[in-house]
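Secondary and tertiary structure notes
The primary structure of each chain is shown beneath.
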Amino acid sequence: MFARRSNRHWLVLVLALTLLVVAACGGAPSNQGSGGQDQQAGTGSSGQAGDGTSQPAGRRVLRMTHSWPNQIDPARGSDMASSVSLINLYSSLVYPTPEGNVEPYAAESWTVSDDNLTYTFQLRQGIKFHDGREMTAEDVKFSFDRLMAIGEGFAYLFRGVVREVTVDDTYTVSFHLEQPFGPFLNILTRLYIVNSELVKENIKPDGPYGEMGDYGTEFLNVNDAGSGAYMVRSFDISSELVMERFPDFFGEVAPNAPDEVRIIGTTEAATVRTWMSNRELEISDTWQTAEALASLDNIPGIDIASYLDGGQLYLMMHTQKPPLDDIHVRRAIAYLIDYDALVQQIFPGTEKARGPVSRSLVGWNPSLPELEFSLDKAREELAQSRYAGQWDQYPIEYAWTAEVPALEKVALMLQANAQQVGLTIDIVQTPWLQLIERAGSKESTPHLASIFVTPSYGEAGSQLRARFHSSTAGTWEQLEWLENAELDAMIEDALATVDFVERMAKYAEVQARVVELFPTAALYDNVNRHAYQACYVEWPQLQAPIPVLGYMQDARFIEVFPERVASCGN
Amino acid sequence: MGMRSFILQRLIQSVVVLLGLSLLIFVLVRVAPGDPVRAALGPRVPQDVVDRMRAEMMLDEPYHIQYIHWITRTLQGDFGNSLMTRRPVAEDIKQFLPATMELALFAGVFMAAFGILLGAASAYRRNSWLDNAIRVLAYTGVVTPAFVFAVLFLLLFGYYWHVFPTAGRLAQDMVAPPTITGMVTVDSLLTGNWRAFVDGLKHLVLPAVALSMAGLSQQARITRASLVDNLQKDFVLAHRTYGLSDRSIMLKYALKPSLIPTVSILGLDFAALLSNAFLVELIFNWPGLSRYGVNAILQKDVNAVAAVVMVLGVTFVTVNILVDIVVAWLDPRIRMRIANQGG
């Protein structure tokens, strides 16, 4: 046996090694740097800045987390992170307003032909792309043609709507429609204009788009060709987009708008909390849980921003599959949901729905009733059903999306309540991609599924067409298989109505008719919630939210005051 | 059989293992439910666009044709295009692998150095309070997942005491060194950029230490057990009767044979570092290959998943061959057995 000497030698050795590492690397994070462009791809970056504060000296930085991936090619991106990026990097002809209309943006004016089939836009003169070239009508046409040829991103909005785009002169461009389409100006907010010359210079000849080769997709995958208020400084495709202010931007910019915007690809709660607490993150993503947001709300200087995003969670009911082909059964199921528990406990912060369209969308019908929880009324409805007394022969399958665990709680709630009225509901956890595949045929579509649907533009017509027109039956947006010719005609008529007031009235009628047919139960109006640094960030869009994905985070309107950080408290 | 033949044999075995792995991962990513192209393009993209991309990626071909095409291209270093990043997977790997390798190497060095040191200290002071403390720590380290340490370190050293940076590889306003190896610390050293080197090192500390904790603990336990065993053997007693000091016996005679099991397990631990890196990379916003790989799995990015698994497989196999060589160097009995097999 070895002699029991003092353990001090070993302790000293271990401590010395530890101290060596800490001494080499430790101390307060010192980040003195000269600034400048990242020379090495994929370095990521920490939030600490040169002067040891959370904001770099002399610069206003806005950092936001988002779920990933982020597609910054305007012919490809359409999700939240991509939309925020595109809105900041590019400009469109028109810009959405909180009232559901549009206002001039790259276009200074427009006219509509008498037959409502041609929209002619006059571009502002002197709009510069990020390389200094002036925007012309050719760029608008090129952007549209490119979007439609690639067919991804927001191209679906224009399919079957626009026949062609023609250039009338250097600053005049015309859109020729297949048929009159009332919300045409709203969908134009999703046509982001690219610098055609820059893209052409970077086209790779090998590609699936004929003489246009790859149509510049490889280039625009990590670069921008826009004229927006911000331009790409670096893009680490796995984790972070860094944008800096474009000094020659043509539009309005708030006096204290950020010089630099960083979109960071993480939603990890511990990371977000640490960064928010250290003032290294200004706006969190919308994927933080209620518990995480409550915890962030307790940090001095941090507030929770909430706004309706235009989407709803629906309980979709297969209207052609027994026993749900009986409207009494569908109504009974709607009575089996405790809507108060839903918005207060399972999805806190959301609001009870009133009709099949979110109240935040222009054209919403406020006269429709809220759904209610009542076992007695459910029993009454079931008693009127032609399947009454045969419930054991008609088990009902409820598919909940595996990627959203909270939906299981909805399914369990419904199952428990259904048991009390004699209905059998089988709960099936289904991956999202599998649910999309199952939606492809009437036979494989489940009886019930809870799916979240957001509008493509801020008008009720977007949601009504996507959810209830026969053309979307068999897609994830309509598992109800409604296929009602009368309703189709009403939706088409409303969408073809160019007069705004008249169109809104028709939307209201469509919503009332949907409620009569009862193919779906709108469970709640979704609310997006972010934690943000209220002590040094002013976010004016919160006063008048725009219910179009991404526009709430147009950074040029958000103001950052680094000088206030020190007074935020801890 | 000489050492050269032994290495050749291990290489041939490795090729067979990698071929098997390639077949397995190819099938697994394709039989999982859901259309990968639909997942990448989103639910609102029309079916004809989805079909066009499926055709471009040959996903509409029978599996055996797809496999032959894929393995042929893979052998040429072309892993196809990623559905997630929309560019060649080889380009993604070139970008993300160095970050993970830098993290894993730093964690590996930390793991080996401190694991052996703590194991040796524990064995040398067997049954003392130091031994007991190290054993408790080692058990805790083995059973605690890396992400728990990551969150703990993030909160301790990033949130409560602002000692280390908590995200990325460099500070926001630090000029990154030009890419040579892709490892920030190495590239900064090569270009003499000391500020970037120190900053890169600071950024490495928390994720690397969090990542290394499980391996470090395992190394400490194995080293201790092996060393305790060897210290009770006759040759140690013989050395002691010759009047050699405890320290000499420990360092010159007992430690080297005790490291054989430690080094043997090092290869597996290194592979574990790569696979455990995902959550650590996520928590510290570290743009590495593990994070890329898991995102690829979530997005059902078939080419990226297959490529990441193959790259990690090749790394694992290579490290294990190196470990075999080192173990043979450490242990003369293994060298003799190899030589005898040839005879």
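Along each chain, residues carry numbers from 1 onward, in the same order as the chain's sequence is written. Chains and ligands are labelled by the order in which they are written, letters from A for the one and numbers from 1 for the other. For a predicted model such as this one, the threshold for reporting local features is a pLDDT of at least 70, and the threshold for listing and counting side-chain atom pairs is 80 or more; totals across whole chains, interfaces and linings nevertheless cover every residue. As a rule here, side-chain values cover all heavy atoms of the structure and leave hydrogens and water aside.

Overview of the overall build of chain B
Selection criterion: Only DSSP runs of H or I with at least four residues qualify as helices, and only runs of E with at least two residues qualify as strands; both kinds are numbered from the N terminus onward. Whether a residue is buried, partly exposed or exposed follows from its accessible area with a 1.4 Å probe, protein chains only, as a fraction of its type maximum: under 20%, in between, or over 50%, in that order.
When you go through chain B residue by residue, the secondary structure sums to 14 helices and zero strands. In chain B, the order of α-helices and β-strands from amino to carboxyl end is α-α-α-α-α-α-α-α-α-α-α-α-α-α. For chain B, the spread of C-alpha atoms along the principal axes amounts to about 85 × 60 × 40 Å. Looking at the 343 residues of chain B, the share that counts as buried comes to 55%.

Side note on helix α7 (residues 146–160) of chain B
Which entries qualify depends on this criterion: Expected span, for any helix, means 1.5 Å times one less than how many residues it has. In this analysis, two residues are considered to be in contact whenever any of their non-hydrogen atoms come within 4.5 Å of each other.
Compared with the 21 Å implied by 1.5 Å per residue over 15 residues, the 20 Å span of α7(B) between its first and last C-alpha is a close match. Restricting attention to buried positions, one finds in α7(B) the residues B:Ala146, B:Phe149, B:Ala150, B:Phe153, B:Leu154, B:Gly158 and B:Tyr159. Elements in contact with the buried residues of α7(B): α8 (269–277) of chain A together with α6 (129–143), α9 (194–231) and α11 (246–283) of chain B.

Focus on the environment of B:Gly313
If you trace the backbone, B:Gly313 turns up in helix α13 (residues 302–330). A sequence separation of 292 residues divides B:Gly313 from B:Leu21, and the C-alpha atoms of the two residues are 7.7 Å apart.

Focus on the packing of aromatic side chains
Which entries qualify depends on this criterion: For this analysis, a ring pair means two rings from Phe, Tyr or Trp (six-membered ring only for Trp) whose centres lie within 6.5 Å, classed as stacked if their planes differ by under 30 degrees, edge-to-face if by over 60, and tilted for the remaining angles. Placement of a charge over a ring requires the Lys NZ or Arg CZ to be within 6 Å of the ring centre, with the centre-to-atom vector within 35 degrees of the ring normal.
Evaluation of the coordinates by the stated rule reveals 27 aromatic pairs over all chains. Between B:Phe110 and B:Phe114, the ring centres sit 4.5 Å apart and the planes meet at 25°, which makes this aromatic pair stacked. Of the two residues, B:Phe110 and B:Phe114 both sit in helix α5 (residues 89–124), four residues apart, roughly one turn of that helix. Relative accessible area serves as the criterion here: at 7%, B:Phe114 is assigned to the buried category. Counting every residue linked through ring pairs, the aromatic cluster contains A:Trp110, A:Tyr119, A:Phe121, A:Phe144, A:Phe158, A:Phe175 and A:Phe184. Over the ring of A:Tyr314 we find A:Arg467; its NZ or CZ atom is 3.9 Å from the centre of that ring. Over the ring of A:Phe561 we find A:Arg564, and its NZ or CZ is 3.7 Å from the ring centre.

As for the nonpolar core
If you look at soluble globular proteins, the nonpolar side chains tend to sit buried side by side. Where we set the bar: Here, the term nonpolar core denotes a set of buried Ala, Val, Leu, Ile, Met, Phe, Trp, Tyr and Cys residues that are joined through side-chain atoms within 4.5 Å. These domain limits were set by an automatic method or by a database of domain assignments.
Counting residues in each nonpolar core, the largest one holds 145 residues, and the members touching the most others are A:Leu93, A:Phe121, A:Phe158, A:Val162, A:Phe175, A:Phe184 and A:Leu188. Of all the elements, α13(B) adds the most residues to this core, at ten residues. Of the residues that make up this core, three or more belong to each of domain 1 (1–84 + 301–343) and domain 2 (92–298) of chain B. Contact partners of A:Leu188, with chain neighbours within four places excluded, come to A:Ser92, A:Leu93, A:Val94, A:Phe121, A:Phe158 and A:Phe175. Counting 60 residues, the second-largest nonpolar core is a separate cluster that includes A:Ala270, B:Ala254, B:Phe284 and B:Ile334.

What to know about the pattern of salt bridges
Residue and element names in this part refer to chain A. Just so we agree on the cut-off: We define a salt bridge as a contact between a side-chain nitrogen of Lys or Arg and a carboxyl oxygen of Asp or Glu at a distance within 4 Å.
Scanning the entire structure with this criterion turns up 39 salt bridges over all chains. Taking the shortest distance from any N to any O, the salt bridge between Lys 141 and Asp 145 comes out at 3.0 Å. Placement of the pair is Lys 141 and Asp 145 together in helix α3 (residues 137–150), with a separation of four residues, close to one helical turn. By relative accessible area, Asp 145 is classed as partly exposed at 28%.

Regarding the state of the cysteines
All names here are of chain A. Rules: Two cysteine sulfur atoms make up a disulfide if the distance between them is within 2.5 Å.
Per the counting criterion, the structure on display carries one disulfide over all chains. Linked covalently through their sulfurs, Cys 535 and Cys 568 form a disulfide whose S-S length is 1.9 Å. Between Cys 535 and Cys 568 the disulfide shows an S-S torsion of about 90°. By sign, it is right-handed. Here Cys 535 is found in the loop between β16 (520–533) and β17 (537–538), whereas its partner Cys 568 is found in the segment after β18 (559–560), with 33 residues between them in sequence.

As for the layout of surface pockets
To keep things clear, this is the line we draw: Here a cavity means grid points, on a 1 Å grid over the protein atoms only, where a 1.4 Å probe fits yet cannot get out; a pocket means an open set of points with protein on both sides within 12 Å along at least five of seven lines; lining residues are those with an atom within 4 Å of a point. Grid points are joined across faces, edges and corners, and a volume is the space filled by probe spheres set on the points. Gly counts as polar in this scheme, as do all residues outside two lists: the nonpolar Ala, Val, Leu, Ile, Met, Phe, Trp, Tyr, Cys and Pro, and the charged Asp, Glu, Lys and Arg.
Reported here for the second largest pocket is a volume of approximately 970 Å³. Forming the walls of the second largest pocket are 38 residues, and the residues nearest its centre are A:Tyr156, A:Arg465, A:Ser471, A:Thr472 and A:Glu477. At the level of elements, α4 (155–158), α14 (432–438), α15 (460–468) and α16 (485–496) of chain A together with α3 (47–56) of chain B are the ones that each hand at least two residues to the lining of the second largest pocket. When grouped by side-chain class, the residues that make up the lining of the second largest pocket number 18 nonpolar, twelve polar and eight charged.

Structural notes on the sheet that holds strand β13 (residues 396–401) of chain A
All names here are of chain A. Here is the rule we go by: A pair of strands is labelled paired if DSSP reports no fewer than 2 bridges between them. Lines are fitted to the C-alpha atoms to define the axes, a helix being fitted only along its stretch in contact, and any angle between axes, read from their N-to-C directions, falls within 0 to 180 degrees.
With mixed pairing, the six strands of this open sheet are ordered in space as β12-β16-β11-β15-β13-β14. The open sheet is flanked by β12 (351–352) and β14 (425–430), the only strands paired with a single partner. As paired elements, strand β11 (residues 302–317) and β16 share twelve bridges and run antiparallel to each other. Its bridge partner lying in β16, Asp 303 is registered against Tyr 532. In this fold helix α9 (residues 290–297) packs onto β11 and β16, with an angle of close to 165° to the strand it touches most, β11. Where helix α13 (residues 406–420) meets the sheet, its contacts fall on β11, β13, β14, β15 (448–453) and β16, and the angle it forms with β13 comes to roughly 160°.

With respect to the packing of α15(A) against helix α17 (residues 500–517) of chain A
Residues and elements named next belong to chain A. Note the following rule: Left-handed is the label given to a crossing in which the near helix is rotated counterclockwise from the far helix by less than a right angle, and right-handed is the label when the rotation is clockwise.
For the pair α15 and α17, the least separation of the axes is 10 Å and the interaxial angle reads 35°. The chirality of how α15 crosses α17 is left-handed. Note on element contacts: α17 touches α15 through Tyr 507, Val 510, Gln 511 and Val 514, opposite Ala 460, Gly 461, Leu 464 and Phe 468. Its residues placed into classes, the contact of α15 with α17 shows six nonpolar, two polar and no charged.

Concerning the domain arrangement of chain B
All names here are of chain B. To be explicit about the condition: Accessible area that two parts lose when put together, evaluated with a 1.4 Å probe and summed over both, is termed the buried area. Under this definition, polar contacts are N or O atom pairs within 3.5 Å; protein pairs additionally need one hydrogen-donor-capable and one acceptor-capable atom, and for neighbouring residues in sequence, both atoms have to be side-chain atoms.
Segmenting chain B into domains produces domain 1 (1–84 + 301–343) and domain 2 (92–298). The gap between the C-alpha centroids of domain 1 and domain 2 is 27 Å. Listed by partner, the interface residues are 20 residues for domain 1 and 19 residues for domain 2. The contact between domain 1 and domain 2 buries some 1700 Å² in all, and 85% of this surface belongs to carbon and sulfur atoms. Interface area lost by domain 1 to domain 2 is led by Met 84, Val 308 and Leu 330, which between them contribute 29%. For the pair domain 1 and domain 2, the number of links is zero salt bridges. Put simply, domain 1 and domain 2 have one residue pair in polar contact (both at pLDDT 80 or more) between them. Looking at the side of domain 1 that touches domain 2 residue by residue, the class counts come to 14 nonpolar, three polar and three charged.

Examining a negative patch on the surface
Worth spelling out the cut-off: Patch construction takes residues with relative accessible area above 30% that form no salt bridge. Like charges are linked within 9 Å, and nonpolar side chains (Val, Leu, Ile, Met, Phe, Trp, Tyr) are linked within 5 Å. Note that accessible areas follow from Shrake-Rupley with a 1.4 Å probe, and for residues the cover is restricted to the protein chains shown. The positive count covers Lys and Arg only, the negative count covers Asp and Glu only, and His and the chain ends enter neither. Throughout, a charge is located at the NZ atom of Lys, the CZ atom of Arg, the CG atom of Asp or the CD atom of Glu.
Residues A:Asp131, A:Glu138, A:Glu197 and A:Glu201 make up a contiguous surface patch of negative charge. Looking at where A:Glu201 falls in the secondary structure, it is placed in helix α6 (residues 196–201).

Remarks on the packing of α11(B) against helix α12 (residues 289–298) of chain B
Residues and elements named next belong to chain B. Here is the rule we go by: These descriptions rest on fixed angle ranges, namely under 35 degrees for roughly parallel, over 145 for roughly antiparallel, 65 to 115 for roughly perpendicular, and the rest for oblique.
Between α11 and α12, the least distance of the axes is 7 Å, while the angle of their chain directions is 90°. In terms of their interaxial angle, α11 and α12 are classed as roughly perpendicular. Contact residues: α11 offers Leu 274, Ala 277, Phe 278, Glu 281 and Leu 282, while α12 offers Leu 289, Ser 290, Arg 291 and Val 294. Classifying every residue of the contact of α11 with α12 by side-chain character gives six nonpolar, one polar and two charged.

Here we look at the confidence of the model for chain B
Basically, it comes down to this: Note on scores: pLDDT gives the predictor's confidence for each residue, bounded by 0 and 100.
Considering every residue of chain B, the mean pLDDT works out to 87; 99% of them sit at 70 or more. Two summary scores accompany this predicted model of the complex, namely pTM at 0.83 and ipTM at 0.78.

Re the side chain of A:Thr172
Counting through the fold element by element, A:Thr172 comes out in strand β7 (residues 172–177). With residues up to four places along the chain from it excluded, the contact list for A:Thr172 reads A:Thr120, A:Phe121, A:Gln122, A:Ala137, A:Thr166 and A:Val167.

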